[in-house]
Amino acid sequence: MSTTPDSTLTFKDFKTDQQVKWCAGCGDHSILVQLQKVLAGQRTDRDHTVFVSGIGCSSRFPYYMDTYGFHSIHGRAPAIASGVKCANPGLDVWVVTGDGDALSIGGNHFLHAVRRNIGLKIIMFNNRIYGLTKGQYSPTSDFGTRTKSSPAGSIDHPIHPISVAIGAEITFAARAVDTDLEHLQYVLARAAAHQGTAFVEVYQNCTVYNNDCYSWATDRQTKHEHIVYLEHGKPLIFGNNRDKGLRFNGDEPEIVELAKVSPDDLIIHDERTHDPSTAFMLARLTHPEFPEPLGVFRAMEKPVYEDLLMGQLAAARDQQGTGNLQALFRAGETWDVA
Ligand SMILES: Cc1ncc(C[n+]2csc(CCOP(=O)(O)OP(=O)(O)O)c2C)c(N)n1
Ligand code: SF4
């Protein structure tokens, strides 16, 4: 890996000599470039940056990012990345995963990384399909999705990744779309700056097996009717003419026309509120019934795992000295295995 002084970095310094093997038009290309731009803009030290991935098209990511990297095993990237972060808390550790990798085989590992609030930035490319294995339905596929493995339509109900993360007490959760470049960069930069676990769901188009599954969120003419940008301290307003909003009717969200309600009725977005209920509700709003929120759902401060761990290690050393691993192994009863 080459090293360039931080102040001269551009996004090209994060490119590698590897041929990018994603299909033409795949949303993965855009996410890669936006993240390279964010890292360059933040003058990220490549020698202290690691990308860990699982298995899937998205998980080819570490080959294309000129930092340290680990293309690991299916669903286990959060576990391996947790080990990297605990062994060397000074590293910036990113996890790149897909909806299948993170939420099918890797669901367990994902939950436990999140609940520990370990300093990982987990970027989940959600194309609502298994791309690498040629188009089976995933945990985020719509009910009724027809694939070769569900020819009569999927009868599984999809899960909402951000609500899963909030249920596991995530401290930072955000969502962006692969083609909304400026906003995607904003969200990735926010994740990079977060202490603790940051989870970013990126709506990513798989041109081959689930093409246009997000056309309602990307079509320039109509997308503002179907998405709502979350901005801290601001009311939830959307629509091509910014003439609609979201408010609570009792405990339920409802769409209202701004002309017919007082601005005070609208939900004001608060990404820092301790109670996760409103963020959870927002994470479950789905097209076409509601506009789907993009932006930062939740950004909380909470003690981070690696700091607590280092604190315990330092306290143990203070009390008991540096220790001797061989002596510890031989301290108790031992057995000879014949
Ligand atoms: C233990 C194991 N089980 C199953 C597979 C097959 N497999 C590889 S990638 C994948 C799913 C990938 O889907 P996703 O995470 O959504 O990534 P995408 O390819 O869409 O980016 C599966 C089931 C595997 N490689 N290893
Ligand atoms: S199969 Fe889909 S997700 Fe995989 S590289 Fe091609 S377009 Fe992208």
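Residues numbered from 1 in each chain as written. Chains lettered and ligands numbered in written order. Predicted model: local features only at pLDDT ≥ 70, side-chain atom pairs only at ≥ 80, totals over all residues. Heavy atoms only, no water.

Colleague: I'd like a rundown of the overall build of the protein, residues and numbers included.
Modeller: The helix and strand inventory of the protein stands at 10 helices and 11 strands. At 22 Å, the protein has a C-alpha radius of gyration in line with the 20 Å of a compact globule built from 338 residues. In terms of overall dimensions, the protein has C-alpha extents of about 75 × 50 × 45 Å along its principal axes. Here the protein holds 338 residues, and 46% of them are scored as buried. When the accessible surface of the protein is totalled, it reaches about 17,100 Å², and 51% of it is carbon and sulfur. (Helix = DSSP H or I, 4+ residues; strand = E, 2+ residues; numbered from the N terminus. Rg over C-alpha atoms; globule rule 2.2 N^0.38 Å. Buried < 20%, exposed > 50% of the residue type's maximum accessible area, 1.4 Å probe, protein only. Areas by Shrake-Rupley, 256 points an atom, 1.4 Å probe, with all protein chains shown as cover.)

Colleague: Before we move on, could you go through the environment of T197 and cite the residues and values that matter?
Modeller: You can see T197 is positioned in the loop between α6 (181-193) and β6 (198-203). Separated by 105 residues in the primary sequence, T197 and K302 place their C-alpha atoms 9.9 Å from one another. Excluding anything up to four places from it in sequence, T197 contacts A113, V114, N117, I118, G119, L120, I122, I170, T171 and F172. (Contact = heavy atoms within 4.5 Å.)

Colleague: Got a sec to walk through the side chain of E292? Specific residues and values, please.
Modeller: Summarising the element assignment, E292 is placed in strand β11 (residues 292-299). Of the buried charged residues, E292 lacks a salt bridge, with R128 as the closest side chain of opposite charge at 4.0 Å. (Lys, Arg positive; Asp, Glu negative; His and termini not counted. Salt bridge = Lys/Arg side-chain N within 4 Å of Asp/Glu carboxyl O.)

Colleague: Lay out the side chain of Q36 in plain terms, naming residues and giving numbers.
Modeller: For Q36, the position within the fold is in helix α1 (residues 27-41). Filtering out sequence-adjacent residues up to four positions away, Q36 remains in contact with F11, F14, K15, Y64 and M65.

Colleague: How would you sum up the nonpolar core? Please name residues and give values.
Modeller: Formed by 37 residues in total, the largest nonpolar core has its most connected members in L120, F199 and L246. Excluding its chain neighbours within four sequence positions, the residues that come into contact with L246 are V228, L236, F238, E254, I255, L266, I267, L285, F290 and P291. Counting residues in hydrophobic clusters, the runner-up holds 31 residues, among them A40, F125, L188 and A299. (Core = buried A, V, L, I, M, F, W, Y, C linked by side-chain atoms within 4.5 Å.)

Colleague: Quick rundown of the pattern of salt bridges? Include the residues and the values.
Modeller: Once the charged atoms of two side chains with opposite charge are near each other, the side chains can pair. Tallying each qualifying case throughout the model produces 10 salt bridges. Residue R247 is joined to D265 by a salt bridge in which the shortest nitrogen-to-oxygen separation is 3.4 Å. Taken together, the residues R247 in strand β9 (residues 244-249) and D265 in the loop between β10 (252-257) and α8 (277-283) connect sequence positions 18 residues apart. The network of salt bridges with shared partners includes E225, D243 and K244.

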